[in-house]
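Here are the chains, one letter per residue:
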Amino acid sequence: MKNTKVILVNRPKGEIEDSNFDIKTEEVPAIKDGEVLIQIHDISLDPAIRGWMNEGTTYIKGIEIGAVIRTFSAGKIIKSKNEKFKEGSYVSGLLGAQSYCISNGEGLSVLDVSSSKLSHHLGILGMPGMTAYFGLLKSGEPVSGDVVYISGAAGIVGSTVGQIAKIKGCTVIGSAGSDAKCKFLLEECGFDYAINYKTEDIDQQLKKYAPNGVHIYFDNVGGPTLDIALLNLARGARVVICGAISQYNDMGNIYGPKNYMKIVTARGKMNGIIVFDYVEQWPVAVKEIAQWIGSNKISVKEHTINGLNNFSSALQMLYTGKNFGKLILNV
């Protein structure tokens, strides 16, 4: 049995390049007592991977040179010497960009795929969905009637935030990078308004759609978009910093907010969301989101690429906006 894996060979300086990775194949060793062998089916490609490729430690240690690229992945247990995990069970966790993974069970989540796709547990029912759920509900604290603006809204996190906000009775505005993505937000996700940031002026459109200001800004983009949102805050606004995908390729020269004093005049607050802080509460969130999907209150869109050999080119799509929907690499 052969394991094919994507290895980090050097750290990117700026944008991710194919030369940052290598693909290696090796024999799968026999598992030991307490271990399980997982055949990986789907790999989640997330913006956070770019940060994990940097040296040092933030909320999580950077990937070591020569190590398998860290990813959330999902698959099937095909051998088990751990009484907590049965052969034939589907699981997910930080299993890496590879075709097989040996695990001692730490950090593994057993998945119920009887009424859901396996890939959903890497997106809407996985880390991105949990980020949206807890980022909005715990950090954003939505109240019926609030106006919510989301940047990077057509991604899995942004589109989920907007749909949960609609369930909670909010008016939702999203910005995205194409007319097709804006149409998706309006017609499939039920957003009230969508802004194509490449062809429209975000500031002008926010003043049009939210004349009394934005109560919750959920930021996936950072940079000048954050500055514009800060100019349009309502009194008591909450700014949730989830990501800054516009900045990830040059974190040494990150664009800082110029309009941060608007938090003061709005009597607002700005805080960040790290989804791992809520990991013990994930099962409750998964159950509720699954119910919303089952009752057609939440729509899910995925973009699937096949083959580990396409890992690098697929990952790069995240930072150019070429993907449309949750990006999944099918092994």
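See the structure printed just above.
These figures come from a predicted structure and were not determined experimentally.

Draft legend 1. Seen up close, the overall build of the protein. Looking only at helices and strands, the protein has 9 helices and 15 strands in total. Taking 20 Å as the expected radius of gyration for a compact globule of 331 residues, we find that the protein reaches 20 Å, a close match to that expectation. Overall, the protein is about 65 × 45 × 35 Å in size when its C-alpha atoms are taken along their principal axes. Going through the 331 residues of the protein one by one, you find that 51% of them count as buried. For the protein, restricting intrachain contacts to residue pairs at least 6 apart in sequence, the fraction spanning at least 24 positions comes to 66%. Averaging the positions of the 34 positive and the 32 negative side-chain charges in the protein gives two centres separated by 3 Å.

Draft legend 2. Spotlight on the layout of surface pockets. For the second largest pocket, the calculated volume is near 590 Å³. In terms of residue class, the lining of the second largest pocket is built from 17 nonpolar, 8 polar and 2 charged.

Draft legend 3. View of the nonpolar core. With 75 residues, the main nonpolar core has Leu45, Ile69, Leu185, Phe311 and Leu315 as its most contacted residues. Here this core gets 6 residues from one element, more than from any other, and that element is helix H2 (residues 127–140). Setting aside anything within four residues of it in sequence, one finds Ile69 in contact with Val6, Ile7, Leu8, Phe21, Ile49, Ile63, Gly96, Ala97 and Phe311. Counting residues in hydrophobic clusters, the runner-up holds 18 residues, among them Val147, Tyr149, Ile195 and Ala237.

Draft legend 4. Local environment of empty space enclosed by the protein. Applying the stated criterion across every chain, the model contains 1 cavity of 30 Å³ or more. Empty space within the largest cavity amounts to approximately 40 Å³. In this structure, the largest cavity is lined by Ala154, Gly155, Ile156, Ser159, Phe184, Ser299, Val300, Lys301, Gly325 and Lys326. Residue composition of the lining of the largest cavity, by class: 4 nonpolar, 4 polar and 2 charged.

Draft legend 5. Geometry of the sheet that holds strand E10 (residues 193–196). Overall, parallel pairing links the 6 strands, which are arranged E10-E9-E8-E11-E12-E13 in an open sheet. Lying at the two open borders of the sheet, with one neighbouring strand each, are E10 and strand E13 (269–272). Here the strands of the sheet are splayed against their neighbours by 15 degrees on average, with no regard to which way each runs. Here strand E8 (residues 147–150) pairs with strand E11 (residues 214–219) via 3 bridges, running parallel.

Draft legend 6. View of the packing of aromatic side chains. Considering all chains together, one arrives at 8 aromatic pairs under this definition. Consider the rings of Tyr133 and Phe134, whose centres lie 5.0 Å apart with planes at 75 degrees: the pair is edge-to-face. Comparing Tyr133 with Phe134 shows no difference in burial state: the two are buried. Measuring from centroid to centroid gives 6.3 Å for Tyr133 and Trp292, while their planes differ by 35 degrees, and the two rings are tilted. Of this pair, Tyr133 sits in helix H2 while Trp292 sits in helix H8 (residues 282–294); the two residues are 159 residues apart in sequence, bridging distant segments of the chain.

Draft legend 7. Representation of the environment of Ala153 within the structure. Position of Ala153 relative to the elements: it lies in the loop between E8 and helix H3 (156–167). Given the relative accessible area of 0%, Ala153 is considered buried. Along the backbone, Ala153 and Leu185 are 32 residues apart, and their C-alpha atoms lie at a distance of 7.6 Å. Residues in contact with Ala153, not counting those within four places in the same chain, are Gly158, Ser159, Gly174, Ser175, Leu185 and Phe191.

Draft legend 8. Focus on H2. H2 sits mainly inside the fold: 12 of its 14 residues count as buried. Taken as a whole, H2 has its buried residues at Met127, Pro128, Gly129, Met130, Thr131, Ala132, Tyr133, Phe134, Gly135, Leu136, Ser139 and Gly140.

Draft legend 9. Looking closely at H8. Taking 1.5 Å as the rise per residue, H8 with 13 residues should run 18 Å; its terminal C-alpha atoms sit 18 Å apart, in good agreement. Of all the residues in H8, the buried ones are Trp282, Ala285, Ile289 and Trp292. Down the axis of H8, the buried side of the element spans an arc of 90 degrees, and every buried residue falls inside it. Away from its buried face, by an angle of more than 90 degrees, H8 presents the exposed residues Pro283, Val284, Lys287 and Gly294. Buried residues belonging to H8 abut H2 and H3.

Draft legend 10. Region of interest: the side chain of Ser116. By the element assignment, Ser116 lies in the loop between strand E7 (109–111) and H2. At 3.2 Å, the side chain of Ser116 forms a polar contact with the backbone oxygen of Asp112. Not counting chain neighbours up to four residues away, the residues in contact with Ser116 comprise His121 and Leu125.

Reading the values: the criteria
Residues numbered from 1 in each chain as written. Predicted model: local features only at pLDDT ≥ 70, side-chain atom pairs only at ≥ 80, totals over all residues. Heavy atoms only, no water. Helix = DSSP H or I, 4+ residues; strand = E, 2+ residues; numbered from the N terminus. Rg over C-alpha atoms; globule rule 2.2 N^0.38 Å. Buried < 20%, exposed > 50% of the residue type's maximum accessible area, 1.4 Å probe, protein only. Contact = heavy atoms within 4.5 Å. Lys, Arg positive; Asp, Glu negative; His and termini not counted. Charge placed at Lys NZ, Arg CZ, Asp CG, Glu CD. 1 Å grid on protein atoms, 1.4 Å probe; cavity = no way out; pocket = protein on both sides within 12 Å on 5 of 7 lines; lining within 4 Å. Points joined across faces, edges and corners; volume = space filled by probe spheres on them. Nonpolar A, V, L, I, M, F, W, Y, C, P; charged D, E, K, R; others polar. Core = buried A, V, L, I, M, F, W, Y, C linked by side-chain atoms within 4.5 Å. Pairing = 2+ DSSP bridges. Axes fitted to C-alpha atoms, helices over the stretch in contact; angles between N-to-C directions. Phe/Tyr/Trp six-rings, centres within 6.5 Å; stacked < 30°, edge-to-face > 60°. Expected span 1.5 Å × (residues − 1). Arc of directions from axis to C-beta. Polar contact = N/O pair within 3.5 Å; in protein donor to acceptor, adjacent residues only side chain to side chain.

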